[in-house]
Amino acid sequence: QRGSALALRVISGTMSLPTPFPEDARKAITEFTRTIEMAKDDPEERNLLSDALLMRATMYHYLVQPVDVLRDAKAAESKGSTELSDILDLEGVALFTRSHREDLERAIYIFTLLLHMPPPTWVRLNDLRAAALFQLDALGNLSKVDYKLGKFDDAIKDIESLLERIDKDQGVLQREPQDRLY
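Analysis parameters
Residues numbered from 1 in each chain as written. Predicted model: local features only at pLDDT ≥ 70, side-chain atom pairs only at ≥ 80, totals over all residues. Heavy atoms only, no water. Salt bridge = Lys/Arg side-chain N within 4 Å of Asp/Glu carboxyl O. Helix = DSSP H or I, 4+ residues; strand = E, 2+ residues; numbered from the N terminus. Buried < 20%, exposed > 50% of the residue type's maximum accessible area, 1.4 Å probe, protein only. Axes fitted to C-alpha atoms, helices over the stretch in contact; angles between N-to-C directions. Parallel < 35°, antiparallel > 145°, perpendicular 65-115°, else oblique. Left-handed = near helix turned anticlockwise from the far one by under 90°. Contact = heavy atoms within 4.5 Å. Nonpolar A, V, L, I, M, F, W, Y, C, P; charged D, E, K, R; others polar. 1 Å grid on protein atoms, 1.4 Å probe; cavity = no way out; pocket = protein on both sides within 12 Å on 5 of 7 lines; lining within 4 Å. Points joined across faces, edges and corners; volume = space filled by probe spheres on them.

> Any chance you could break down the pattern of salt bridges for me, citing the residues and the numbers?
According to the stated counting rule, one finds 10 salt bridges in the structure shown. The partner of Arg106 in a salt bridge is Glu91, and the shortest N-O contact between them spans 2.9 Å. Taken together, the positions of Arg106 in helix α6 (residues 101-114) and Glu91 in helix α5 (residues 84-98) put the pair 15 residues apart, joining distant regions of the chain. Residue Glu91 is classed as buried on the basis of its relative accessible area, which comes to 13%. Residue Arg101 is joined to Glu105 by a salt bridge in which the shortest nitrogen-to-oxygen separation is 3.6 Å. Residue Arg101 and its partner Glu105 are both found in helix α6; the two are separated by 4 residues, about one turn of the helix. You can call Glu105 partly exposed: its relative accessible area is 25%. Several salt bridges converge on common partners, so that one network encompasses Arg56, Asp68, Arg71 and Asp72.

> Explain the packing of α6 against helix α7 (residues 128-148) residue by residue, including any values.
Closest axis-to-axis distance for the α6/α7 pair is 9 Å, and the angle between their directions is 155°. With respect to each other, α6 and α7 are oriented roughly antiparallel. For the pair α6 and α7, the crossing hand works out as left-handed. From α6, Leu104, Ala107, Ile108, Phe111, Thr112 and Leu114 reach across to α7, where they touch Phe134, Gln135, Ala138, Asn141, Leu142, Val145, Asp146 and Lys148. Among the residues making up the contact of α6 with α7, the classes are represented as 9 nonpolar, 3 polar and 2 charged.

> Mind laying out unusual backbone geometry, listing which residues take part and the relevant values?
One non-glycine residue, Val64, adopts positive backbone phi at about 55°. Along the chain, the position of Val64 falls in the loop between α3 (46-62) and α4 (66-78).

> Outline empty space enclosed by the protein, supporting the account with residue identities and numerical values.
Applying the stated criterion to the full structure yields 1 cavity of 30 Å³ or more. Considering the residues around the largest cavity, the lining is formed by Tyr60, His61, Val64, Gln65, Pro66, Val69, Leu90, Ala94 and Thr97. For the lining of the largest cavity, the element with the most residues is α5, which contributes 3 residues.

Below, the structure is given as structure tokens:
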């Protein structure tokens, strides 16, 4: 719970990398690491272990530590996490951040796959707006990867698809009063 409370400040803060709250992210990593250590040998705690690994990976993402993100995402998958969309999203962003050519090529496959997958379970089943935003994020990330690889025609097509999708989903994407603008 302490790790989640610290992570919430990092996640709900400014959407810039690295996070303006690095100490909170590091403290959250410490708490998630404790949880991982306590749960790692207990088969009854598999979901807790997977969640802690994914949250720690998210904090590493906000600290721009792609190698650590990839390690924790892979560990969560190997422990049987059912949060495949979360795992792939973290992996794709980490590969983009690391930016080796082979990483970028793999990121294209990941973000393309995310466009055809259901959003993670943290997106409430009836929350069409959050689901649409998750898909739009994957499409935007795909365009950034194509651009970084010099595939400018593909990047333009991705952005055109993104704009078409935004236009199509306008009613779903209307800002709620509680939403923050970044």
